[in-house]
Amino acid sequence: MNSVELRVPLHLVERLFDAVRPLGGNERVAFGLVAAAATPRRMLLLLRDVIPAPEEAYLEPGTHGARWSGRFTLAVLNRALAESCGVVIFHMHGFGNPVRLSPDDEESGAEQLELFARVQPDRPHGSVVIGEATAAGLFHINGKLVRPDRFRLRLLGSFLEDRENRSVDPAPVDDEAFARQILLVGSRGQHRLRGATAAVVGLGGGGSHVVQQLAHLGIGRILGIDHDVGDETNRSRMIGLMKSDVRESRLKADVLADLVARIDLGTEFVPIRAKLPSHEAVQAIRDADVMVGCVDNYRARADLQALAWRFLIPYIDIGLIIDPEQRHHPDRRDNWIAGNVYTVIPGSTCLWCTGFLTRAKLDAETGGRDPSYVRDSPGAAQVVSLNGVLGSQAATEVLQLLTAFGERPGDSRLLKMNGVHGTLEKWAIRPRSTCDRCKHDLAAGDPVWTSSVA
Amino acid sequence: MYDAEIDDLRQAFGDVAMLQQGETHLVRLSSVTLPLGCDPRATAALLTLRGQDRPLIYVQPGIKGPHGGTPRSCSEVLVEAETWLQFSYQFPWSWEDGLVRFVGTALMRFAKHE
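Quick notes on the rules
- Residues numbered from 1 in each chain as written.
- Chains lettered and ligands numbered in written order.
- Predicted model: local features only at pLDDT ≥ 70, side-chain atom pairs only at ≥ 80, totals over all residues.
- Heavy atoms only, no water.
- Helix = DSSP H or I, 4+ residues; strand = E, 2+ residues; numbered from the N terminus.
- Rg over C-alpha atoms; globule rule 2.2 N^0.38 Å.
- Buried < 20%, exposed > 50% of the residue type's maximum accessible area, 1.4 Å probe, protein only.
- Pairing = 2+ DSSP bridges.
- Axes fitted to C-alpha atoms, helices over the stretch in contact; angles between N-to-C directions.
- Contact = heavy atoms within 4.5 Å.
- Salt bridge = Lys/Arg side-chain N within 4 Å of Asp/Glu carboxyl O.
- Right-handed = clockwise from strand over helix to strand, strands pointing away.
- Core = buried A, V, L, I, M, F, W, Y, C linked by side-chain atoms within 4.5 Å.
- Phe/Tyr/Trp six-rings, centres within 6.5 Å; stacked < 30°, edge-to-face > 60°.
- Lys NZ or Arg CZ within 6 Å of the ring centre and 35° of its normal.
- Buried area = accessible area lost by both parts, 1.4 Å probe.
- Polar contact = N/O pair within 3.5 Å; in protein donor to acceptor, adjacent residues only side chain to side chain.
- Nonpolar A, V, L, I, M, F, W, Y, C, P; charged D, E, K, R; others polar.

Just give me the short version of the overall build of chain B, but keep the residues and values in it.
Each helix and strand in chain B was counted, giving two helices and six strands. N-terminal to C-terminal, the α/β element order of chain B is α-β-β-β-β-β-β-α. Taking 114 residues into account, the globule formula puts the C-alpha radius of gyration at 13 Å, and chain B, at 14 Å, falls close to it. When the backbone C-alpha atoms are referred to their principal axes, chain B occupies close to 40 × 30 × 25 Å. Out of the 114 residues in chain B, the part that is buried amounts to 48%.

The following block contains the structure:
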């Protein structure tokens, strides 16, 4: 396995760093329980919990480095077994660019990982050192020790902070096309964009705006997911859809592939001609750094929310409701054109926490029957310029996640659009500590089946 | 909780894999046989068990029925981040009848020519 990425959800970032920051010159360690998921490009390790070593677990240090009791290791292993998790040991070095595991770290790490693998053979394990801007790791995956060519520690927040096993001093971006953009995002930000993958689910009125703008931003790869053809009713609002495309019944994914090719700023567009939750669509989403949902039903949103939490992928959802029948209603005449841009960060508020997703809404879509009864709403009002506001903001949310062009809190957020008055405002949202979905889905990774043979 | 039922499934279908999420038990059967005329003839199936509720059953997507097409009133759903085919088929059943009979009867849904 050449590439390993370890993702830390928002609520564990501070806890991890507090646990491993050296105290009085002494190294400290924390254990992490991790789930795993394999994607075409890398092995994902998803941090489910951080277990700091308590003071009483530390032994007298040797020549250097931390030593801790076997009793503490055993307690961690017992918990890992109970929760079907792998174990990762974290510590921190204040030196080295890039930071590296010392020879002692390598030797002791290898021993520990072999022990973990004997106790919990089917789960990946690791030893990670965190530096100021870089990180390095040694892993035990699929029965052997692995020193990946590429290791990335990703810290989730309003910005996806990556610490990798290589120095980060990118050469200036020498492309006149992005010169003005770089004044905002910097060369590093532009490189981050170029190295990123966004999944855009739904390529119609909202998604086509997102794709167009991400391509202009110079994002590296867009996975465009939609199974549908563009028809005549789409022509007034789907960016890039031509009369000839409708005549030829071309798929929306192929129409946008052409659009991105014409923009020609280096973005690779991968058409996924499939519908969520098909295997093909799910596999594509797993490979993304960020996902944007531009769908028109709650069922699809529930699936995207589940995938975002399970694989620790930030999820931006846009939606628009235009209800002309309410135009003259005394209670609705100010807000009968309503849109939202949700940016949900794994480890913070989810769409179930906020009440945006509820069982009742999902049941209402199908009349309480199975999902095959979900019907699109072909007759609902849609307007390109209103979609464009939401699509543009979604692209800006992606830009923020990848480049940190603006400083903002790391929590999930909701922007609500009032299309009547032309406003886009931030609304307060709070996590719900009793949210079952957060507990069940967060950092769950691939399911772990226990086999039993006759 | 379902030890006896799982044993029965193992005897009838061979490989069985399990996963528990809270009060829900998921049971994956690596190979069940579909009615004559279906393509493929064998596929994986998934049961979700919760208390004494009637189980839910899924099969792998991509099945063609005896008529050569995709069976009606089926839909792909996400279960534990995996894509399965949900289908509805009403038949009388109670826990006394056992899960092996449940699976066998449910799969007869794909014998329909439609």
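What follows picks up the thread again.
Describe the sheet that holds strand 12 (residues 268-272) of chain A, listing the residues and the values that go with them.
All names here are of chain A. With respect to topology, eight strands assemble into an open sheet ordered 12-11-10-13-14-15-16-17, the strand pairing being mixed. Across the chains shown, the open sheet's two edge strands, defined by having one partner strand only, are strand 12 and strand 17 (423-427). Along the sheet, successive strands turn relative to each other by an average axial angle of 15°, direction set aside. Relative to strand 12, strand 11 (residues 221-225) runs parallel, the two sharing five bridges. Note on strand 12: the bridge partner recorded for Ile222 is Phe269. Across the sheet, helix 8 (residues 279-286) is in contact with strand 10 (197-201), strand 11, strand 12 and strand 13 (290-293); its angle to strand 11 comes to roughly 155°.

Run through the pattern of salt bridges, naming residues and quoting values.
Within the structure shown, the criterion is met by 33 salt bridges over all chains. Across the pair A:Arg154 and A:Asp162 runs a salt bridge, and its minimum N-O distance is 2.8 Å. For A:Arg154, a relative accessible area of 3% puts it in the buried group. Taking the shortest distance from any N to any O, the salt bridge between B:Glu80 and A:Arg310 comes out at 2.7 Å. Here B:Glu80, found in the loop between strand 5 (74-79) and strand 6 (82-87), pairs with A:Arg310, found in helix 9 (residues 298-311), and the two come from separate chains. Overall, B:Glu80 belongs to the buried group, its relative accessible area being 11%.

Break down the pairing of strand 5 (residues 125-130) of chain A for me, with residues and values.
Residue and element names in this part refer to chain A. Extensive coverage of strand 5 is indicated by the burial of six of its six residues. On strand 5, burial covers both faces: His125, Ser127 and Val129 on one face and Gly126, Val128 and Ile130 on the other are all buried. The pairing of strand 4 (residues 86-92) with strand 5 spans five bridges and is classified as parallel. Across the sheet, Phe90 pairs through a bridge with Val128, a residue of strand 5. Note on the crossover from strand 4 through helix 3 (residues 103-119) to strand 5: the handedness is right-handed. Bridge count between strand 5 and strand 6 (residues 135-141): six bridges; the pairing is antiparallel. Bridged to Val128 within strand 6 is Gly137. Linking strand 5 to strand 6, which pair antiparallel, is a turn of four residues.

Can you explain the sheet that holds strand 1 (residues 3-8) of chain A? Please cite residues and give values.
The strands making up a sheet associate through hydrogen bonds between their backbones, and the pairing can be parallel or antiparallel. Residues and elements named next belong to chain A. On the basis of which strands lie adjacent, the open sheet formed by nine strands has the order 7-6-5-4-2-3-1-8-9 and mixed pairing. At either margin of the open sheet sits one strand with a lone partner, and together these are strand 7 (144-146) and strand 9 (161-164). Strand after strand, the sheet turns through a mean of 25° between neighbouring axes, direction not considered. Bridge analysis of strand 8 (residues 150-155) against strand 9 gives four bridges, and the strand direction is antiparallel. In the sheet register, Arg154 faces strand 9, and the bridge partner there is Asp162.

Provide a residue-level description of the nonpolar core, including the pertinent values.
Residues and elements named next belong to chain A. Formed by 97 residues in total, the largest nonpolar core has its most connected members in Leu214, Leu276, Ile285, Met291 and Leu307. Among the elements that line this core, the one with the most residues is helix 11 (residues 384-403), at eight residues. Discounting residues that sit within four places of it in the chain, Leu214 has contacts with Ala198, Val200, Ile219, Ile222, Thr267, Ala395 and Val398.

Residues and numbers for helix 5 (residues 207-217) of chain A, please.
Buried residues dominate helix 5 of chain A, accounting for eight of its eleven residues. Downstream of helix 5 of chain A by a residue or two, A:Gly218 has a phi angle that is positive, lying close to 90°.

Explain the packing of aromatic side chains to me, and be specific about the residues and the numbers.
Under the definition given, this model contains twelve aromatic pairs over all chains. Pairing A:Phe31 with A:Phe72 gives two aromatic rings, centres 5.2 Å apart and planes at 85°, and the pair type is edge-to-face. Here A:Phe31, found in strand 2 (residues 30-38), pairs with A:Phe72, found in helix 2 (residues 70-82); they are 41 residues apart in sequence, far enough to count as distant. With a centroid separation of 5.9 Å and 50° between ring planes, the pair formed by B:Tyr89 and B:Phe91 is classed as tilted. An aromatic cluster of three or more residues is present, and its members are B:Tyr2, B:Tyr89, B:Phe91, B:Trp93, B:Trp95 and B:Phe102. Across from the ring centre of A:Trp427, 5.0 Å away, lies the NZ or CZ of A:Lys416, which sits over that ring.

So what about the interface of chain B and chain A? Which residues, and what values?
With 24 residues of chain B at the contact, the number on the chain A side is 21 residues. Summed over both sides, the interface between chain B and chain A buries roughly 1900 Å², with carbon and sulfur atoms accounting for 58% of that surface. In terms of surface lost to chain A, no three residues of chain B exceed B:Leu78, B:Glu80 and B:Ala81, which account for 25% of the buried area on that side. Along the contact surface separating chain B from chain A lie six residue pairs in polar contact (both at pLDDT 80 or more). Those elements giving two or more residues to the side of chain B that touches chain A turn out to be strand 1 (16-21), strand 2 (24-33), strand 5 and strand 6 of chain B. Its residues assigned to classes, the side of chain B that touches chain A shows eleven nonpolar, seven polar and six charged.

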